Amino acid sequence: MRIKTQGILFVAAVAVGLSGFAGFASAQMKYKAGDRRSGYTYATKETQAIQDDDLGNPAFLWLDEGEVLWNKVDGKAGKSCATCHGVESAMLSDVATRYPAYNPDLGKLQSLEQRINRERKEMMGAKPYKWESKQMLSLTIYMKNQSRGKPMNVSIDGPVVPFFAAGKAFYEKKRGQLDMSCANCHNDNAGNMIRANLLTEGQSNGFPTYRLKWQKPGSIHRRFRGCNKQVRAKPYAYGSDEYVNLELYVAWKGRGLSVETPAIRN
Amino acid sequence: MSEKFMTQKYRRRDVLAMAGTGVVAVAGIGLFPGSAQAKHFPRHIPVAQAIKEKIGDKPTKSGRITIELPQIAENGNTVPMGFEVDSPMTESDYVKAVHIFADQNPNPDVATYRFTPQSGKAKISTRMRLLKTQNVIAIAEMSDGSLYLTKTPVKVTIGGCGG
Amino acid sequence: MAKARVKVPKSVKKGEVFQVKTLISHKMETGLRKNKKTGKMIPRMIINKFVCNYGGKDVFVSDWQAGIAANPYMAFFVKAGDSGPMNFTWTDDDGDITKKTVNIKVSG
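Given the structure is predicted, the values throughout are model-derived calculations rather than measurements.

**Q** Looking at this structure, how should I read the overall build of chain C?
**A** What chain C contains, in helices and strands, is zero helices and nine strands. Along chain C, from the amino end to the carboxyl end, the secondary structure elements read β-β-β-β-β-β-β-β-β. For a compact globule of 108 residues, the expected C-alpha radius of gyration is about 13 Å, and chain C comes in at 16 Å, more than 25% above that figure. For chain C, the spread of C-alpha atoms along the three principal axes comes to 60 × 20 × 20 Å.

Okay, structure coming up:
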């Protein structure tokens, strides 16, 4: 039988820090923008309550780990994310609102995961995180949570125009044995039932999201893959151009909705 | 432990109809395939037996327990549940334990919560798993030996496109 | 050892009944799932006991079965006695223990 005890000092500090807030003030969130609605508005009140409780929201177990990773020295350069970006980085305050973003050094659209791995390689001399790994999920949840409450606001102008067009085309194209497009469910049938599930608009403002079905958080690329499999279409790879472009389009579709990361959804 | 749960096989292929992927409903948690397959689960212990193991044959009264559960569970694998038992919670009159059962789960014994006068309130919140539409039964054991029972139905839908 | 989070009020008055919220990361493997590749049943592995000890006594104890959801959330109440540590213990089917301690600050 192994017994490991966490230091009293650390957990007391955590408890004091956590006890400072009574639960996330959802009053400041915009769950609707124009005619667009967050998946939060389709969830039951019990599910909403899980999301709104910063202690009880299970995705915060990953967020805590993300904070550790942000501050952890990793790689040959002997740096952590915090070394360059600071412990409480101003950059983080809107990172979730503007990704996927164009990286002019690369001439490419990048999702946050890709940007993280590029910085790890170039700046830290550290190994990349796998897309759906515990580390990547933890770090992206921690980072995107810093933007919570801010409105989604990706750029679709200038250099990202062709990527946006590709993402929009993907969203509208029918695929798979069931010959369905994203739009068929999430535009045409949001609010309707598909068998025993209630369809939402398929917004991305809560990602990475803790899905009750997964019993853990997952990235939006994981969700894209699941959706593609469900219409019997071959899923694309995590981090594929198709999915990064689609992610941009879906983020634009949710413009004005508050970042909710980490959200709780079915 | 649960050797008796180790013997049954079940066919995932048979579970899904329209969505047809063969992986959707069981890929995520794999716990609760469509209810059509419930007959293939390991031996279902009757809830009456599970209750008897906890409280014997003693009679129960109704009342004193307020239980909070959704009418329809968003997902049967995470169903928020809370209860409060009406009691002064003094040294001479307090709730000793509350037993929670789910009458259609493979193991209907979900949890037992044991209180003391230092609890202040016999009130908890947690999240439980419900295999399918069924009743959640709470039995409160008082310090004077009396027992109270409440039964609450919860609808659980299974089988969709996303989960 | 699993990761756990605990929340208690910053301070309480003596005799006040306050809420304690806890959350621990754990798959709560039921023993009813099958490994897709090997076809074998995945054995049960859950947290089966939770204890809150305060003022030298186990003030709240619970026994869990596989019907408790993954990443178990457990919120309950305690009456404030003296200032001092509140110790939490989660035990799993293998006997592995996760412990956490917070300080309860009692005034008056």
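**Q** Sorry if this is basic, but what is going on with the overall build of chain B here?
**A** The secondary structure content of chain B amounts to two helices and nine strands. Residue burial in chain B is summarised as follows: out of 163 residues, 45% are buried. Considering only intrachain contacts with a sequence separation of at least 6, the fraction spanning at least 24 residues in chain B is 66%.

**Q** I tried to follow helix H11 (residues 241–253) of chain A on my own but got confused; where do I start?
**A** Note on helix geometry: an α-helix contains 3.6 residues per turn, so any two residues three or four positions apart are oriented the same way. Here H11(A) contains 13 residues, and its C-alpha end-to-end distance of 18 Å stays within 8% of the 18 Å for a straight helix at 1.5 Å per residue. Those residues of H11(A) hidden inside the fold are in contact with strand S5 (108–110), helix H8 (161–172) and helix H10 (220–230) of chain A.

**Q** Help me understand the interface of chain C and chain B in this model?
**A** One frequent convention defines the size of an interface as the accessible area lost when the parts assemble. Each side of the interface is counted separately: chain C has 28 residues, and chain B has 33 residues. Looking at the side of chain C that touches chain B, the elements with two or more residues in it are strand S5 (57–64) and strand S6 (73–79) of chain C. Partitioning the side of chain C that touches chain B into residue classes produces 17 nonpolar, six polar and five charged. Sheet topology places strand S7 (residues 122–128) of chain B next to S6(C); two bridges connect them, and they run antiparallel. Bridging from a neighbouring strand, Thr126(B) pairs with Met74(C) of S6(C).

**Q** What's the story with the sheet that holds strand S4 (residues 79–85) of chain B in this structure? I'm lost.
**A** Hydrogen bonds between backbone groups are what pair the strands of a sheet, and the pairing can be parallel or antiparallel. Read from one edge to the other, the open sheet built from six strands follows the order S2(B)-S4(B)-S7(B)-S6(C)-S3(C)-S1(C), with strand pairing classed as antiparallel. This sheet does not close on itself; its edge strands, each paired only once, are strand S2 (65–68) of chain B together with strand S1 (4–7) of chain C. This sheet shows a mean twist of 15° between the axes of neighbouring strands, independent of strand direction. Here four bridges tie S2(B) to S4(B), and the two strands are oriented antiparallel to one another. Within S4(B), the residue paired with Thr66(B) across the bridge is Glu84(B).

**Q** What is the right way to read the packing of helix H3 (residues 60–70) of chain A against helix H7 (residues 134–145) of chain A from this model?
**A** Packed helix pairs are specified by the crossing angle of their axes together with the interaxial distance, meaning the distance between the axes. Residues and elements named next belong to chain A. Taken N-terminus to C-terminus, the directions of H3 and H7 make an angle of 90°; their axes are 7 Å apart at the nearest point. As judged from the angle between their axes, H3 and H7 are roughly perpendicular. For the pair H3 and H7, the contacting residues are Trp62, Leu63, Glu65, Gly66, Glu67, Leu69 and Trp70 in the first and Gln135, Leu137, Ser138, Leu139, Ile141, Tyr142, Met143 and Asn145 in the second. Tallied by class, the residues present in the contact of H3 with H7 amount to nine nonpolar, four polar and two charged.

**Q** What am I meant to see in the pairing of strand S4 (residues 47–54) of chain C here?
**A** On any regular strand, side chains alternate: one points to one face of the sheet, the next to the other face. All names here are of chain C. Across seven bridges, S4 lies against strand S7 (residues 84–92) in antiparallel orientation. Note that in S7 the partner of asparagine 53 across the bridge is asparagine 87. Here S4 runs beside S5; their pairing, made up of six bridges, is antiparallel. Within S5, the residue paired with cysteine 52 across the bridge is phenylalanine 60. If you look at the hairpin formed by S4 and S5, you'll find two residues sitting between the two strands, and glycine 55 has a positive phi there, around 65°.

**Q** Looking at this structure, I do not really get the sheet that holds strand S10 (residues 264–265) of chain A. What am I missing?
**A** All names here are of chain A. Taken together, three strands build an open sheet; the order of strands is S9-S8-S10 and the sheet is mixed. Of all the strands in the sheet, the pair left with one neighbour each is strand S9 (216–218) and S10. Looking at chain direction, strand S8 (residues 209–211) and S9 are connected through three bridges and run antiparallel. Bridging from a neighbouring strand, arginine 211 pairs with lysine 216 of S9.

**Q** I'm lost on the nonpolar core in this one. Help?
**A** Generally speaking, soluble globular proteins have nonpolar side chains that are buried together. Counting 109 residues, the largest nonpolar core has Leu248(A), Val95(B), Val98(B), Met128(B), Leu130(B), Ala138(B) and Ala140(B) as the members making the most contacts within it. Val98(B) has contacts with Phe83(B), Val85(B), Tyr113(B), Ala122(B), Ala138(B), Ile139(B) and Ala140(B), leaving out every residue within four places of it along the chain.

**Q** Where do I start with the environment of Pro43(C) in this structure?
**A** With respect to the helices, strands and loops of the structure, Pro43(C) is situated in the loop between strand S3 (17–24) and S4. Spatially, the C-alpha atom of Pro43(C) lies 24 Å from that of Lys99(C), the residues being 56 residues apart in sequence.

**Q** Would you mind going over H3(A) with me for this structure?
**A** Within H3(A), the full set of buried residues consists of Phe60(A), Leu61(A), Trp62(A), Leu63(A), Gly66(A), Leu69(A) and Trp70(A). On its buried face, H3(A) is in contact with helix H4 (81–85), H7 and S9 of chain A together with S1 and S3 of chain C.

**Q** What exactly am I supposed to notice about the confidence of the model for chain C here?
**A** Close inspection of predicted coordinates is inappropriate in any region flagged by low pLDDT. A residue-level look at chain C finds 100% of positions with pLDDT of 70 or above and a mean pLDDT of 96. Taken together, the chains of this predicted complex give a pTM of 0.87 and an interface ipTM of 0.96.

**Q** Please clarify how the packing of H8(A) against H11(A) should be interpreted in this entry.
**A** Residues and elements named next belong to chain A. With their axes 7 Å apart at the nearest point, H8 and H11 run at an angle of 90° to one another. By the angle between their axes, H8 is roughly perpendicular relative to H11. Contact residues: Phe163, Phe164, Ala166, Gly167, Lys168, Phe170 and Tyr171 in H8; Glu242, Asn245, Leu246, Leu248, Tyr249 and Trp252 in H11. The class makeup of the residues in the contact of H8 with H11 is nine nonpolar, two polar and two charged.

**Q** Quick question: what am I supposed to make of unusual backbone geometry here?
**A** Geometrically, the link from Tyr99(A) to Pro100(A) is a cis peptide bond, its omega value of 0° lying close to zero. Residue placement: Pro100(A) occurs in the loop between helix H5 (95–98) and strand S4 (101–103). In the segment running from Thr261(A) into Pro262(A), the intervening peptide bond is cis, with an omega of 0°. One can find Pro262(A) in the loop between H11 and S10. The phi dihedral of Met89(B) is positive, around 55°, even though this residue is not glycine. Residue placement: Met89(B) occurs in the loop between S4 and strand S5 (95–102). The phi dihedral of Asn71(C) is positive, around 50°, even though this residue is not glycine. With respect to the helices, strands and loops of the structure, Asn71(C) is situated in the loop between S5 and S6.

Analysis parameters
Residues numbered from 1 in each chain as written. Chains lettered and ligands numbered in written order. Predicted model: local features only at pLDDT ≥ 70, side-chain atom pairs only at ≥ 80, totals over all residues. Helix = DSSP H or I, 4+ residues; strand = E, 2+ residues; numbered from the N terminus. Rg over C-alpha atoms; globule rule 2.2 N^0.38 Å. Buried ≥ 20, exposed ≤ 12 C-beta atoms within 10 Å, placed from the backbone. Contact = placed C-beta atoms within 7 Å. Expected span 1.5 Å × (residues − 1). Nonpolar A, V, L, I, M, F, W, Y, C, P; charged D, E, K, R; others polar. Pairing = 2+ DSSP bridges. Axes fitted to C-alpha atoms, helices over the stretch in contact; angles between N-to-C directions. Parallel < 35°, antiparallel > 145°, perpendicular 65-115°, else oblique. Core = buried A, V, L, I, M, F, W, Y, C linked by C-beta atoms within 7 Å. pLDDT = per-residue confidence, 0-100.

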